[in-house]
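Fold and contact review
What follows is each chain in one-letter form.
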Amino acid sequence: WQDMPGAILLARPSPRPALGVIGRFDAANKKRLAVLGSQLTDKLARVRYVTYSQAEEDCERLAVQLVERFGRGELRRFCFTAIPRGGLIVLGMLAYVVGLEYDQLEPPHPPHAPLVVVDDCALSGSRFGRFLARCESRQVVFAHLYSHPDLRAAVEAREPRVIACLGARNLH
């Protein structure tokens with residue numbers, strides 16, 4: 001997009017999802033758009049639009065996993081934080097579902113308290129890895145809405161401080 005100044009990408013989520021590009025394009029950029037268009041057609045078949053109500057439902061699934069894994073009483077001693085930006089929305093929803101107290105969300109988080117790191121999705125684990133490199137907590141739970149089960153298993157296996165890696169729904 002940097003090579004096509006003035007190009008504007010448009011997205012329409014409903015009733016039928018669509019992407020479009022408007023602008024003034026020379027012959028080279030028209031060819032580039034044709035190639036990108038065919039790539040998008042292939043990739044869009046695997047894209048799933050998530051509505052706010054679907055995200056709320058998936059937050060409830062994530063909350064159930066947290067409670068089943070650690071217990072509601074034990075979760076009261078956990079602290080919670082989010083990976084910006086999608087994680088902030090998920091943490092807000094999760095805070096209501098789980099009934100988190102203000103002090104569980106307010107930094108600084110003591111290193112001895114388990115820290116739940118919330119995100120919307122995990123595709124490669126790189127954002128979580130960068131977060132973990134700066135994190136001082138001794139026990140970390142990575143809780144997010146969408147990820148591949150193999151990624152969750154790899155995070156748990158490779159990160160000694162991660163005591164659980166939970167996803168509400170599987171990506172494939």
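See the structure shown above.
Because the structure is a prediction, the values reported are computed rather than measured.

Topologically, Ser137 is positioned in the loop between helix 6 (126-134) and strand 5 (140-147). Not counting residues within four places of it along the chain, the set of residues in contact with Ser137 comprises Pro110, Pro111, Ala113, Leu115 and Arg161.

What follows deals with helix 7 (residues 149-158). Those residues of helix 7 not exposed but buried are Leu151, Arg152 and Val155. Considered in projection along helix 7, the buried side chains sweep an arc of 100° and stay on one side of the axis. Of the exposed residues in helix 7, those oriented more than 90 degrees away from the buried face are Asp150, Ala157 and Arg158. Close packing links the buried residues of helix 7 with strand 4 (115-122), helix 6, strand 5 and strand 6 (162-170).

Within the open sheet, the four strands sit side by side as 3-4-5-6. Their pairing is parallel. The outermost strands of the open sheet, each flanked by one partner alone, are strand 3 (79-82) and strand 6. Neighbouring strand axes in the sheet, compared pairwise and without regard to direction, differ in orientation by 20° on average. In this structure, strand 4 lies alongside strand 5, joined through seven bridges in parallel fashion. When the sheet's bridge partners are listed, Ala122 is paired in strand 5 with Ser147. Against the sheet, helix 6 contacts strand 3, strand 4, strand 5 and strand 6, and its axis sits at roughly 155° relative to strand 4.

Turning next to the packing of helix 2 (residues 52-70) against helix 4 (residues 86-98). It is at 9 Å that the axes of helix 2 and helix 4 come closest, and there the two elements cross at 55°. Judged by the inter-axis angle, helix 2 sits oblique to helix 4. Of the two possible hands of crossing, helix 2 and helix 4 adopt the one that is right-handed. In contact with Tyr52, Ala55, Glu56, Cys59, Glu60, Leu62, Ala63 and Leu66 of helix 2, helix 4 contributes Ile89, Val90, Met93, Leu94, Val97 and Val98.

Here strand 1 (residues 8-12) pairs with strand 2 (residues 18-22) via five bridges, running antiparallel. If you follow Leu10 over to strand 2, its bridge partner there is Gly20. From the end of strand 1 to the start of strand 2, which pair antiparallel, there are five residues.

Counted by the stated rule, this structure contains zero disulfides. Cys165 takes part in no disulfide bond, and the closest cysteine sulfur to it belongs to Cys121, at a distance of 12 Å. The class of Cys165 is buried, set by a relative accessible area of 6%.

Rules used in this analysis
- Residues numbered from 1 in each chain as written.
- Predicted model: local features only at pLDDT ≥ 70, side-chain atom pairs only at ≥ 80, totals over all residues.
- Heavy atoms only, no water.
- Helix = DSSP H or I, 4+ residues; strand = E, 2+ residues; numbered from the N terminus.
- Contact = heavy atoms within 4.5 Å.
- Buried < 20%, exposed > 50% of the residue type's maximum accessible area, 1.4 Å probe, protein only.
- Arc of directions from axis to C-beta.
- Pairing = 2+ DSSP bridges.
- Axes fitted to C-alpha atoms, helices over the stretch in contact; angles between N-to-C directions.
- Parallel < 35°, antiparallel > 145°, perpendicular 65-115°, else oblique.
- Left-handed = near helix turned anticlockwise from the far one by under 90°.
- Disulfide = S-S within 2.5 Å.

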